[in-house]
Amino acid sequence: MRVLIVYCHPSKDSFTKSMCDAFLKGITDSGNEYILSDLYEMGFDPVMKEEEYLRDANYRDTPAVADDVRKEQEKINSADAIALIYPVFWTEAPAMLVGWFDRVWSYGFAYGNKTMKLLDKAIILCSAGNPLDRLEQFGLLDSMKKVMFGDRLFGRVKESEFIVFDCTSRENELREKNWDANLQKAYEKGRTLFA
Ligand SMILES: Cc1cc2nc3c(=O)[nH]c(=O)nc-3n(C[C@H](O)[C@H](O)[C@H](O)COP(=O)(O)O)c2cc1C
């Protein structure tokens, strides 16, 4: 089985990078494979162009999608599952990943006369500076889940899971304390993704 990893973090010096690496190791150790879209490494352009807006807003198939978008769509359709790995920025994914959805989830692929494959599974692994109870306090975690499950992934995946690694901001002593256990958890999520 194959999973497309969409990874988005501006720095290699991060918990999220280590967590992503642990997840990838779990995937390969279980005899599965992955394709990696490292958005910063690729220099992915997240900005929707006017031409793309007019195409998608008017439910048109033309012009054909840009090459960088087509490549991402081909990766999705060659995978059985998708994993989104990122740090929470202002109760959302980083702008580059939000822009990836704006452009890659195009008309004729993700909606309209869809050519996007129905994926077996989606898993979201995100790091958050806040503790989970703070994220739950104002329904922030719920908002993040609703946007992912109720909109972006809705009708496009059979099963989905949202995992938050909380208390990971640098000033929080739990970041270091929980580091190894969190990486082990990410590894196990990768190892058992298709179990
Ligand atoms: C611009 C920015 C916005 C952030 N917004 C949030 C937020 O809304 N909620 C939260 O829990 N943490 C937030 N954080 C904290 C990051 O999620 C946290 O520092 C990160 O997950 C730690 O992991 P890292 O070492 O991989 O960056 C934010 C951090 C930055 C830099």
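### Quick word on the overall build of the chain
Right, so step 1: A count of helices and strands for the chain gives nine helices and five strands.
Right, so step 2: Relative to the 2.2 N^0.38 estimate, which gives 16 Å for 195 residues, the radius of gyration of the chain is 17 Å and therefore close to what a compact globule would have.
Right, so step 3: Each principal axis of the C-alpha distribution contributes one length, and for the chain these read about 50 × 40 × 30 Å.
Right, so step 4: Sequence-distant contacts in the chain: of pairs separated by 6 or more residues, those separated by 24 or more amount to 81%.
Right, so step 5: Working note: accessible area of the chain is about 9800 Å², and carbon and sulfur atoms make up 50% of it.
Right, so step 6: Between the centroid of the 26 positive side chains of the chain and the centroid of its 32 negative side chains there is a distance of 3 Å.

### A short note on the pattern of salt bridges
Right, so step 1: A full pass over the atoms with the stated rule returns 20 salt bridges.
Right, so step 2: Put simply, Asp21 and Lys17 hold a salt bridge, and the shortest N to O gap is 2.9 Å. Linking Asp21 with Lys17, this pair stays in helix 1 (residues 15-29), spanning four residues, or about one helical turn.
Right, so step 3: Salt bridges sharing partners connect three or more residues here, namely Lys121, Glu159, Glu161 and Lys189.

### What about the sheet that holds strand 1 (residues 2-7)?
Right, so step 1: The strand order across the open sheet formed by five strands is 2-1-3-4-5, and the pairing between neighbours is parallel. Unpaired on one side and paired on the other, strand 2 (33-38) and strand 5 (157-165) mark the two borders of the sheet. Sheet twist, expressed as the average angle between the axes of neighbouring strands with direction ignored, equals 15 degrees.
Right, so step 2: Pairing between strand 1 and strand 2: six bridges, direction parallel. Opposite Val6, over in strand 2, you have Ser37 as the bridge partner.

### Some points on helix 4 (residues 67-77)
Right, so step 1: Turning to helix 4, its buried residues number three or more, namely Val69, Glu72, Gln73, Lys75 and Ile76. Projected down its long axis, helix 4 shows its buried positions confined to an angular sector of 155 degrees, all on one face.
Right, so step 2: Those residues of helix 4 hidden inside the fold are in contact with strand 1, strand 2, helix 2 (39-42), helix 3 (50-57), helix 5 (95-104) and strand 4 (119-127).

### A look at helix 1
Right, so step 1: Over its 15 residues, helix 1 extends 21 Å from the first C-alpha to the last, a length consistent with the 21 Å expected when each residue adds 1.5 Å.
Right, so step 2: Burial in helix 1 covers these residues: Phe15, Thr16, Lys17, Met19, Cys20, Ala22, Phe23, Leu24, Gly26 and Ile27.
Right, so step 3: Downstream of helix 1 by one or two residues, Gly31 has phi in the positive range, about 85 degrees.

### Remarks on the site of the ligand
Right, so step 1: In the region of the ligand, 17 residues are neighbours, and Thr16, Val88, Trp90, Ser127 and Arg175 sit closest.
Right, so step 2: Between Thr91 and the ligand, the recorded distance is 2.8 Å, taken from a backbone N or O atom to an oxygen atom.
Right, so step 3: Taken by itself the ligand offers 630 Å² of open surface, and the protein chains cover 74% of this.
Right, so step 4: Here the residues of the shell around the ligand are counted per class, giving seven nonpolar, nine polar and one charged.

### With respect to the packing of aromatic side chains
Right, so step 1: Counted by the stated rule, this structure contains nine aromatic pairs.
Right, so step 2: With a centroid separation of 6.0 Å and an interplanar angle of 85 degrees, the aromatic rings of Phe149 and Phe162 are classed as edge-to-face. Of this pair, Phe149 sits in helix 7 (residues 140-152) while Phe162 sits in strand 5, placing them 13 residues apart in sequence.
Right, so step 3: Aromatic ring contacts, followed pair by pair, group Phe15, Phe165 and Trp179 into a single cluster.
Right, so step 4: One cation-aromatic arrangement involves Arg152 over Phe101; the distance from NZ or CZ to the ring centre is 4.9 Å.

### Here's the deal with the packing of helix 4 against helix 5
Right, so step 1: Where helix 4 meets helix 5, the axes come as close as 10 Å, and the angle between the chain directions of the two elements is 90 degrees. Taken together, the axes of helix 4 and helix 5 are roughly perpendicular relative to one another. On the side of helix 4, the interface is formed by Asp68, Val69, Glu72, Gln73 and Ile76, while helix 5 contributes Trp100, Arg103 and Val104.
Right, so step 2: When grouped by side-chain class, the residues that make up the contact of helix 4 with helix 5 number four nonpolar, one polar and three charged.

What counts, and at which threshold
Residues numbered from 1 in each chain as written. Predicted model: local features only at pLDDT ≥ 70, side-chain atom pairs only at ≥ 80, totals over all residues. Heavy atoms only, no water. Helix = DSSP H or I, 4+ residues; strand = E, 2+ residues; numbered from the N terminus. Rg over C-alpha atoms; globule rule 2.2 N^0.38 Å. Contact = heavy atoms within 4.5 Å. Areas by Shrake-Rupley, 256 points an atom, 1.4 Å probe, with all protein chains shown as cover. Lys, Arg positive; Asp, Glu negative; His and termini not counted. Charge placed at Lys NZ, Arg CZ, Asp CG, Glu CD. Salt bridge = Lys/Arg side-chain N within 4 Å of Asp/Glu carboxyl O. Pairing = 2+ DSSP bridges. Axes fitted to C-alpha atoms, helices over the stretch in contact; angles between N-to-C directions. Buried < 20%, exposed > 50% of the residue type's maximum accessible area, 1.4 Å probe, protein only. Arc of directions from axis to C-beta. Expected span 1.5 Å × (residues − 1). Near = heavy atom within 4 Å. Polar contact = N/O pair within 3.5 Å; in protein donor to acceptor, adjacent residues only side chain to side chain. Nonpolar A, V, L, I, M, F, W, Y, C, P; charged D, E, K, R; others polar. Phe/Tyr/Trp six-rings, centres within 6.5 Å; stacked < 30°, edge-to-face > 60°. Lys NZ or Arg CZ within 6 Å of the ring centre and 35° of its normal. Parallel < 35°, antiparallel > 145°, perpendicular 65-115°, else oblique.

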